Amino acid sequence: MERLVPGTTIKFAEQARQSAFSLISPVLEATGGLTLSQLSKLTGLEGSTIQNWIKRGWVSSTKGKKYSEQQILRILLINMLRGAMKLDDIARLMVYVNGDVEDTSDDIIEEQTLYDILCRIIFTAEDVGAFDSTSVRKLIETELAYSAHSVRSDIEKLKRAMFVMIMAYRSAYLKQEMDSELEVILKGNQT
């Protein structure tokens, strides 16, 4: 299976290893945000899905016709978890980490930092084949030790949430692998 940057349709590049969002941010700077169709291409999501997430309060409302960095980050985080978690649970998890979607003052960590750390952990775990609970918890500890200055409050709460997020991402990947193999088996039985 092709390696993608989590939550996107972008092929993995070494630049993503340290800062996955750095693959997207130059486009945002140049354009002042993404249109719904651009965001759909970036994430592989239908525009109606993105608009529904805004209506439900999981992503902040747009101001104009372009999606801001903050909105895109929230959509990427939700998208990378939705293959294994119920959307309502993802929404509750996001509130657990960063409170009100419209208010960044209650955030434990900026969403760009959260996204980049999650991606670094995922890439490292994929590289070394270490998605067992102990290894993932160690990777979280290590990353947060380097990024402690970015955590505004309650690092233990953040660690728990990040563990859930990484395991959900991995679970979604494994489900995709299983579905793909099952499809081969089922097609084989039809002939």
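See above for the structure.
Per chain, residue numbering runs from 1 following the sequence as it is written. Since the coordinates come from a predicted model, pLDDT governs what is reported: local features require at least 70, and pairs of side-chain atoms require 80 or more to be given and counted, while whole-chain, interface and lining totals use all residues. For the side-chain quantities, the full set of heavy atoms in the structure was used; hydrogens and water were omitted.

1. Focus on empty space enclosed by the protein
We apply this condition: Lining residues are defined by having an atom within 4 Å of a point belonging to a cavity or pocket. Those points lie on a 1 Å grid over the protein atoms alone, cavities being sets where a 1.4 Å probe fits but cannot get out and pockets being open sets with protein on both sides within 12 Å along at least five of seven lines. Grid points are joined across faces, edges and corners, and a volume is the space filled by probe spheres set on the points. Segments assigned H or I by DSSP are reported as helices when at least four residues long, segments assigned E as strands when at least two residues long, and all are numbered from the N terminus. Following the grouping adopted for this structure description, the nonpolar residues are Ala, Val, Leu, Ile, Met, Phe, Trp, Tyr, Cys and Pro, the charged ones are Asp, Glu, Lys and Arg, and the polar ones are all others, Gly among them.
Considering all chains together, one arrives at one cavity of 30 Å³ or more under this definition. Each pocket or cavity is described by its volume, and for the largest cavity that value is around 70 Å³. Forming the boundary of the largest cavity are Val59, Ser60, Gln70, Gln71, Arg74, Asn98, Asp100, Val101, Asp103, Thr104, Asp107 and Glu111. Here the lining of the largest cavity gets three residues from one element, more than from any other, and that element is helix H5 (residues 69–81). Its residues assigned to classes, the lining of the largest cavity comprises two nonpolar, five polar and five charged.

2. A closer look at helix H8 (residues 133–146)
Our working rule: Helix span, as expected, comes to 1.5 Å for every residue beyond the first. Note on exposure labels: buried denotes an accessible area under 20% of the residue type's maximum, exposed denotes more than 50%, and partly exposed covers the range between, all computed with a 1.4 Å probe on protein chains only. This arc describes the spread of directions from the helix axis toward the C-beta atoms.
Helix length check: H8 (14 residues) gives 20 Å between terminal C-alpha atoms against 20 Å at 1.5 Å per residue, within 8%. For H8, the set of buried residues is Ser135, Val136, Leu139, Ile140, Glu143 and Leu144. Seen end-on, H8 carries its buried residues on one side only, within an arc spanning 160°. Exposed residues lying more than 90 degrees from the buried face of H8 are Lys138 and Ala145.

3. Topic: the nonpolar core
Just so we agree on the cut-off: Only buried residues count toward a nonpolar core. Its members are Ala, Val, Leu, Ile, Met, Phe, Trp, Tyr and Cys residues joined through side-chain atoms within 4.5 Å. In this description, contact between two residues means that some pair of their heavy atoms is separated by no more than 4.5 Å.
If you look at the biggest cluster of nonpolar residues, it comprises 56 residues, and the most contacted ones within it are Ile72, Leu114, Tyr115, Leu158 and Met162. Elements supplying a minimum of two residues to this core: helix H3 (36–43), helix H4 (47–55), H5, helix H6 (87–98), helix H7 (111–128), H8 and helix H9 (155–190). Look past the residues within four positions of isoleucine 72 in its chain and what remains in contact with it is Phe21, Leu28, Leu34, Leu39, Leu42 and Tyr67.

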